[in-house]
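# Structure at a glance
The primary structure of each chain is shown beneath.
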Amino acid sequence: MTRSDNEVAVITGGSAGLGLALATTLVDQGWSVVTDARDADRLHAALPHSSRVTTVNGDVRDQDHQDAIAAAVARHGRLDLLVHNASELGPMLPLAEVPESLFARVLETNLLAPLTLTQRLLPYLIASHGTLVGISSDAAVEHYPTWGTYAASKAALDHLILTLGEENGIRAYAVDPGDMRTAMHQAAFPGEDISDRPLPESVVPHVLALLANTQPSGRYRAADLAVGATR
């Protein structure tokens, strides 16, 4: 594989929220970023217009879409960071009332898509001694009524990410960013004022602090990560 002159990241779900904030910051720091979203117009409008940004619109569950992401990585010839940020909240219902079809859809987005995309990109991550990150949630370890569908997918994602890291000798992190002022969080609390939640941009320095240091693979809360030097 030919190598580019700068580090390369893939961040799924880069048109809004933490994905957008992280992608923008990495581009500002000189990284090349490949990112995706379902809404092509929103994706192109949100991100900086830079030769270091590659946008791929589509559904992360779709195999052809994953092939397009893999092709973008192949053009760079390396991958230093893979962040599984794209996520689906799913039905806010007690588990006893969740239709199987809706539960399966959330698992496809939040668990199966990260697995198959990682499988496609793993040779590049291994070659670059890269880092694998899954964006988690406190719901993965707590038990909130009506959050069970989303929570189950995130708990499984944590296990998936950390096992992939152990099996392949790469750093792997499950990162709980905490509550943020995002569209997904608003959807979980319809009609409520969430303006007191921190913006995703405030979380990015904590995530970058984790990436910059040599913390062992594991599950981390962003709020517990001291902000220091970044890569």
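Here, the structure is the one placed above.
A few points on the structure. Chains are numbered independently. Their residues run from 1 in the order of the written sequence. Since the coordinates come from a predicted model, pLDDT governs what is reported: local features require at least 70, and pairs of side-chain atoms require 80 or more to be given and counted, while whole-chain, interface and lining totals use all residues. Side-chain metrics rest on all non-hydrogen atoms present in the structure, leaving aside hydrogens and water.

## Let's talk about the overall build of the protein chain
A tally of regular secondary structure across the protein chain gives 7 helices and 7 strands. Considered along the principal axes of its C-alpha atoms, the protein chain spans approximately 50 × 40 × 35 Å. Of all 231 residues assigned to the protein chain, the portion counted as buried reaches 49%. Only heavy atoms enter the contact rule, under which two residues are in contact if any of them lie within 4.5 Å. Taking contacts inside the protein chain between residues at least 6 apart in sequence as the whole, the part at least 24 apart equals 65%. When the accessible surface of the protein chain is summed, it comes to about 10,400 Å², and 53% of that surface belongs to carbon and sulfur atoms. Strands are runs of DSSP state E lasting at least 2 residues, helices are runs of H or I lasting at least 4, and numbering of each runs from the N terminus. Here the term buried applies to any residue with accessible area under 20% of the maximum for its type, exposed to any over 50%, and partly exposed to those in between, with areas from a 1.4 Å probe on protein chains only. For the accessible areas, the method is Shrake-Rupley and the probe is 1.4 Å, while residue cover comes only from the protein chains on display.

## Considerations on helix 7 (residues 204–212)
Taken residue by residue, helix 7 has Val204, Val207, Leu208, Ala209, Leu210 and Leu211 as its buried positions. Tucked inside the fold, the buried residues of helix 7 contact helix 1 (17–28), strand 4 (81–84), strand 5 (131–135), strand 6 (171–176) and strand 7 (218–221).

## A short note on the pairing of strand 5
Of all the 5 residues making up strand 5, 5 are buried; the element is thus mostly covered by neighbouring parts of the structure. Side-chain alternation along strand 5 places Thr131, Val133 and Ile135 on one buried face and Leu132 and Gly134 on a second face that is also buried. Relative to strand 5, strand 4 is paired through 4 bridges, and the arrangement is parallel. Among the inter-strand pairings, His84 is bridged to a residue of strand 5, identified as Gly134. By convention, orient the strands away from the viewer: a clockwise path from the first strand over the helix to the second makes the crossover right-handed. One crossover worth recording links strand 5 to the parallel strand 6 by way of helix 5 (residues 148–168), and it is right-handed. For two strands to pair, DSSP has to find at least two bridges joining them.

## Considerations on the nonpolar core
Within this scheme, the nonpolar core is defined by two criteria: the residues are buried Ala, Val, Leu, Ile, Met, Phe, Trp, Tyr or Cys, and they are joined through side-chain atoms within 4.5 Å. Counting 30 residues, the largest nonpolar core has Leu26, Val33, Leu81 and Val133 as its most contacted members. Among the elements that take part in this core, helix 1 stands out by supplying 7 residues, more than any other. Beyond its immediate stretch of four places on either side in the chain, Leu81 contacts Val8, Ala9, Val10, Leu26, Trp31, Leu125, Thr131, Val133 and Leu211. Ile69, Leu79, Ala113 and Leu160 belong to the second largest nonpolar core, which has 26 residues in total.

## Quick notes on the packing of helix 3 (residues 63–76) against helix 4 (residues 100–127)
Only C-alpha atoms enter the line fits that serve as axes; for helices the fit covers just the stretch in contact. Angles between N-to-C directions range over 0 to 180 degrees. Where helix 3 meets helix 4, the closest approach of the two axes is 10 Å, and the angle between their N-to-C directions is 25°. For the element pair helix 3 / helix 4, the angle class is roughly parallel. Along this stretch, helix 3 crosses helix 4, giving a crossing that reads as right-handed. Touching Gln63, Gln66, Asp67, Ile69, Ala70, Val73 and Ala74 of helix 3 are Ala113, Thr116, Leu117, Arg120, Leu121 and Tyr124, all from helix 4. Each residue is assigned to one class: nonpolar for Ala, Val, Leu, Ile, Met, Phe, Trp, Tyr, Cys and Pro, charged for Asp, Glu, Lys and Arg, and polar for all the others, Gly among them. Looking at the contact of helix 3 with helix 4 residue by residue, the class counts come to 8 nonpolar, 3 polar and 2 charged. For classification purposes, an angle smaller than 35 degrees is called roughly parallel, one larger than 145 roughly antiparallel, one from 65 to 115 roughly perpendicular, and anything else oblique. A clockwise turn of the near helix away from the far one marks a right-handed crossing, whereas an anticlockwise turn of less than a right angle marks a left-handed crossing.

## Focus on the sheet that holds strand 4
If you trace the 7 strands from one edge of the open sheet to the other, you get 3-2-1-4-5-6-7, paired in parallel fashion. This sheet does not close on itself; its edge strands, each paired only once, are strand 3 (53–57) and strand 7. Shown here is a sheet whose adjacent strand axes are inclined to one another by a mean of 20°, direction ignored. Relative to strand 6, strand 5 is paired through 5 bridges, and the arrangement is parallel. Opposite Thr131, over in strand 6, you have Arg171 as the bridge partner. Strands in contact with helix 1 are strand 1 (8–11), strand 2 (32–37), strand 3, strand 4 and strand 5; relative to strand 1, the strand with the most contacts, it is inclined by about 170°. Each of strand 4, strand 5, strand 6 and strand 7 is contacted by helix 7, which is oriented at about 160° to strand 6, the strand it contacts most.

## Describing the pairing of strand 4
Side chains of strand 4 alternate between two faces, with Leu81 and Val83 and Leu82 and His84 buried alike. Where strand 1 meets strand 4, 3 bridges bridge the pair, whose relative direction is parallel. Paired with Val10 across the bridge in strand 4 is Leu82. As for the winding sense of the linkage, the β-α-β connection from strand 4 through helix 4 to strand 5 is right-handed.

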